[in-house]
Amino acid sequence: MSTPTSPGSGAPTDDLGRALRLVSLAMLGGVAIIAAITVATIGDSPGSGVDAFGAIVVSVVFVAAAFLIPRRMIKPWPPGSAPDPTKAAGQLRSAAFLSLVLAELPTLIGLVNSFARGVWLPVVIGALFSVAGLLLTAPTADRLRGWLARLESAGARTGL
């Protein structure tokens, strides 16, 4: 990273990471609540194999996007650019939020599908994939440091 931290203080991305981890935990709780309420209100019909297959395909697509798209968003800064910690933090925040939203989408699409078809299986499958996606794409300290290193990989300094 470009800006050294004093001994005893955390990395410059620690505050951003703490806030983003709180958001990811809130989204994780939301996924669990959405699935529980949907299963309780839909009734006894789980659905067919077509419902399960559709939910799995949609879930795999969005969880894969949660892994891939944020990495493509973060492009190295040109070497001559001036340090801009606000812009750098904004790029990291945007990548993290996009990753979290994409990981949560299988539950939301499963919710719509469950109510449209009157079955609970799509929301449960979507929730399982969303939980895995949220846990695997959460903005951990290592992930934020990696994204920051990618921003600075061309030699530019972000100021973080």
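Each chain carries its own residue numbering, running from 1 in the direction its sequence is written. With pLDDT at 70 or above as the cut-off, local features in this predicted model cover only qualifying residues; side-chain atom pairs require 80 or more to be listed or tallied, and sums for whole chains, interfaces and linings still use all residues. Only hydrogens and water are set aside; all other atoms, that is, all heavy atoms of the structure, feed into the side-chain values.

### Brief notes about the overall build of the protein
Applied cut-off: Strands are runs of DSSP state E lasting at least two residues, helices are runs of H or I lasting at least four, and both sets are numbered from the N terminus onward. Only protein chains enter the calculation, and the probe is 1.4 Å; a residue is then buried if its accessible area is under 20% of its type maximum, exposed if over 50%, and partly exposed in between. A contact between two residues is defined here by any heavy atoms of the two lying within 4.5 Å. Every accessible area reported is derived by Shrake-Rupley at a probe size of 1.4 Å, with residue values counting cover from the shown protein chains alone.
Across its full length, the protein holds five helices and zero strands. When the helices and strands of the protein are placed in sequence order, the string is α-α-α-α-α. A buried classification covers 35% of the 160 residues belonging to the protein. Taking as baseline every contact in the protein between residues at least 6 positions apart, the subset at least 24 positions apart corresponds to 84%. Put simply, the protein shows about 8100 Å² of open surface, and 70% of that area lies on carbon and sulfur atoms.

### Re the nonpolar core
One recurring pattern in soluble globular proteins: nonpolar side chains tend to sit buried together. For clarity, the threshold we go by: Buried Ala, Val, Leu, Ile, Met, Phe, Trp, Tyr and Cys residues that are joined via side-chain atoms within 4.5 Å together make up what is termed a nonpolar core.
If you look at the biggest cluster of nonpolar residues, it comprises 14 residues, and the most contacted ones within it are Ile74, Leu92, Trp147 and Leu151. At the level of elements, helix 1 (14-42), helix 3 (85-117) and helix 5 (141-151) are the ones that each hand at least two residues to this core. Residues Met27, Val31, Ala65 and Ala66 belong to the second largest nonpolar core, which totals ten residues.

### Side note on the UniProt feature "transmembrane region" (unreviewed entry) in the protein
In plain terms, the rule: UniProt positions are given in the numbering used here, feature names are shortened, and annotations may be inferred rather than shown by experiment.
Under the UniProt annotation, "transmembrane region" (unreviewed entry) lies at residues 20-40, 52-69 and 119-138. The span residues 52-69 is 100% helix and 0% strand, and its two end C-alpha atoms sit 25 Å from each other. Secondary structure across residues 119-138 divides into 85% helix and 0% strand, with the first and last C-alpha atoms of the span separated by 30 Å.

### Focus: helix 5
As a reminder, the rule being used: The directions from the helix axis to the C-beta atoms are what the arc is built from.
The complete set of buried residues in helix 5 reads Leu144, Trp147, Leu148 and Leu151. One side of helix 5 holds all its buried residues, which, seen down the axis, span an arc of 100°.

### What to know about the side chain of serine 114
Mapped onto the elements, serine 114 comes out in helix 3. Assessed through its relative accessible area of 0%, serine 114 is described here as buried. For serine 114, the contacting residues outside a window of four places in its chain are Thr38, Ile42, Val119, Trp120, Pro122 and Val123.

### Some thoughts on a nonpolar patch on the surface
Stated precisely, the cut-off is as follows: Like charges within 9 Å and nonpolar side chains (Val, Leu, Ile, Met, Phe, Trp, Tyr) within 5 Å are joined into patches, using only residues over 30% in relative accessible area that form no salt bridge. Salt bridge criterion: a side-chain nitrogen from Lys or Arg within 4 Å of a carboxyl oxygen from Asp or Glu.
Where nonpolar side chains cluster on the molecular surface, the patch consists of Phe53, Val57 and Val61 and spans about 290 Å² of accessible area. Here valine 57 lies in helix 2 (residues 49-73). Judged by relative accessible area, which is 37%, valine 57 ranks as partly exposed.

### Considering the packing of helix 3 against helix 4 (residues 121-137)
Each pair of packed helices can be described by the angle between their axes along with the distance between the axes. For the record, the criterion: Only the contacting stretch of a helix is used when fitting its axis, a line to C-alpha atoms as for every element, and angles between N-to-C directions run 0 to 180 degrees. By the definition adopted for this analysis, an angle is roughly parallel if under 35 degrees, roughly antiparallel if over 145, roughly perpendicular if from 65 to 115, and oblique otherwise. Three categories are distinguished: nonpolar for Ala, Val, Leu, Ile, Met, Phe, Trp, Tyr, Cys and Pro, charged for Asp, Glu, Lys and Arg, and polar for the others, with Gly belonging to the last.
Closest axis-to-axis distance for the helix 3/helix 4 pair is 7 Å, and the angle between their directions is 175°. Between helix 3 and helix 4, the angle falls in the class roughly antiparallel. Contacts from Ser99, Leu100, Ala103, Glu104, Leu105, Pro106, Thr107, Gly110, Leu111, Asn113 and Ser114 of helix 3 reach helix 4 at Pro122, Val123, Gly126, Ala127, Ser130, Gly133, Leu134 and Thr137. When grouped by side-chain class, the residues that make up the contact of helix 3 with helix 4 number nine nonpolar, nine polar and one charged.

### Describing helix 3
As a reminder of what qualifies: Here, expected helix span is obtained from the residue count minus one, scaled by 1.5 Å. Note that bend, as reported per residue, equals the angle between axes fitted to the 7 residues terminating at that residue and the 7 residues originating from it.
Taking 1.5 Å as the rise per residue, helix 3 with 33 residues should run 48 Å; its terminal C-alpha atoms sit 48 Å apart, in good agreement. Along its length, helix 3 reaches its greatest deviation from straightness, about 35°, at leucine 105, and the proline proline 106 lies no more than four positions downstream. Directly after helix 3, the chain includes glycine 118, whose backbone phi takes a positive value near 75°.

### A few points about the confidence of the model for the protein
The cut-off we apply is this: pLDDT expresses, on a scale from 0 to 100, how confident the predictor is about each individual residue.
Within the protein, residue pLDDT values average 83, and 89% of them lie at 70 or more. Every residue in residues 1-10 scores below 50 in pLDDT, and together they form 15 contacts with partners more than four places removed in sequence or on other chains.

### Some points on the environment of methionine 73
Here methionine 73 lies in helix 2. Methionine 73 gets classed as partly exposed once you look at its relative accessible area, which sits at 35%. Between the C-alpha atoms of methionine 73 and leucine 92, which are 19 residues apart in sequence, the distance is 9.3 Å.

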